[in-house]
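Coordinate inspection notes
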Amino acid sequence: MKELSEVKQVNPALKLALEMGPLIVFFFANNRAEKLADSFPALTSLGGPLFIATAFFMVATAISLVASWMLTRALPLMPIVSGVVVFIFGALTLILQDEIFIKMKPTIINSLFGVVLIGGVVFKKPLLKYVLGAAFELDETGWNKLSIRWAMFFFAMAVLNEFLWRNFSTDFWITFKVWGNLPITIVFMLFQLPLIKRHSLEEAAD
């Protein structure tokens, strides 16, 4: 794994575009699936709108990962894990023609991240320190508290995803996945700023 100092920095707007790009492609491919199928008849072999959108999602995810690698010469752990789950569950969705797999993908990813973060705290290796260490310098208590909060957030998002896809339409689930998750995450991050400030080593030094 490359040291953080060796990883090339990417413009935040471009980084956000690379992370959100596949989801936006997923959203528009689902909404325009019929027009896409009319323009490219081969797509009809994939199945309905969600299956066409899933195929586009997988391709867009691959392009995003390749672009990230070309720009930074490194791939963070979270995008790699997300990408692997997308490819596995996307393939199962298309092969078995069962949309439950792609709908459960966020549940699996969020639960996995939550378990990993809790495990890091239990084994006294808070993984957020390695992910966010370039942005913040916190004491060990701060990293542990932040890790637990993020783990609880990931578990909550897993439960929310299960509730949404089981109780609402596919179109609503996709819309929320694309346009709802990011604002919720941003609000959660803002609520962590007081904790980060209290446990900041730079704050303590000042």
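Data block above holds the structure.
Residues numbered from 1 in each chain as written. Predicted model: local features only at pLDDT ≥ 70, side-chain atom pairs only at ≥ 80, totals over all residues. Heavy atoms only, no water.

As a further point, take the overall build of the chain. Assigned secondary structure in the chain consists of 11 helices and 0 strands. Reading the helices (α) and strands (β) of the chain from amino to carboxyl end gives α-α-α-α-α-α-α-α-α-α-α. When its C-alpha atoms are laid out on the principal axes, the chain stretches across 65 × 40 × 25 Å. The proportion of buried residues among the 206 residues of the chain is 37%. (Helix = DSSP H or I, 4+ residues; strand = E, 2+ residues; numbered from the N terminus. Buried < 20%, exposed > 50% of the residue type's maximum accessible area, 1.4 Å probe, protein only.)

Below, the discussion takes up the pattern of salt bridges. Counted by the stated rule, this structure contains 3 salt bridges. Of the charged contacts in the structure, one is a salt bridge between E140 and K129, with a shortest N-O distance of 2.9 Å. Here the residue E140 occupies a position in helix α7 (residues 140–167), and K129 occupies one in helix α6 (residues 128–132), the gap between them amounting to 11 residues. (Salt bridge = Lys/Arg side-chain N within 4 Å of Asp/Glu carboxyl O.)

Attention now moves to the packing of aromatic side chains. Tallying each qualifying case throughout the model produces 12 aromatic pairs. Between W150 and F153, the ring centres sit 5.4 Å apart and the planes meet at 85 degrees, which makes this aromatic pair edge-to-face. With a gap of 3 residues between them, W150 and F153 both fall in helix α7, about one helical turn apart. F153 gets classed as buried once you look at its relative accessible area, which sits at 10%. Ring plane angle 80 degrees and centroid distance 4.7 Å describe the contact between W150 and F188, whose orientation is recorded as edge-to-face. Here F188 lies in helix α9 (residues 181–191) and W150 lies in helix α7, a separation of 38 residues in the sequence. The exposure classification of W150 matches that of F188, with both residues buried. (Phe/Tyr/Trp six-rings, centres within 6.5 Å; stacked < 30°, edge-to-face > 60°.)

On to a nonpolar patch on the surface, then. Residues V66, W69, M70, L75, I80, V84, I88, L92, I95 and L96 make up a contiguous nonpolar surface patch of roughly 910 Å² in combined accessible area. For the nonpolar patch, the elements supplying multiple residues, two or more each, are α3 (49–72) and α4 (77–96). Considering the arrangement of structural elements, one finds V84 in helix α4. (Patch = residues over 30% accessible without salt bridge, like charges linked within 9 Å, V, L, I, M, F, W, Y side chains within 5 Å. Areas by Shrake-Rupley, 256 points an atom, 1.4 Å probe, with all protein chains shown as cover.)

With that out of the way, let us pick up the environment of D38. Tracing the backbone through its elements, the reader meets D38 in helix α2 (residues 33–39). Residue D38 is classed as exposed on the basis of its relative accessible area of 65%. In this structure, the C-alpha to C-alpha distance between D38 and A91, residues 53 residues apart in sequence, is 23 Å.

Moving on, we come to unusual backbone geometry. Unusually for a residue other than glycine, Q97 sits at a positive phi of about 55 degrees. The residue Q97 is located in the loop between α4 and α5 (100–122) in this model. The phi angle at K124 is positive, at roughly 60 degrees, despite the residue not being glycine. In this structure, K124 sits in the loop between α5 and α6.

As far as function goes, none of this settles anything; it's purely spatial.
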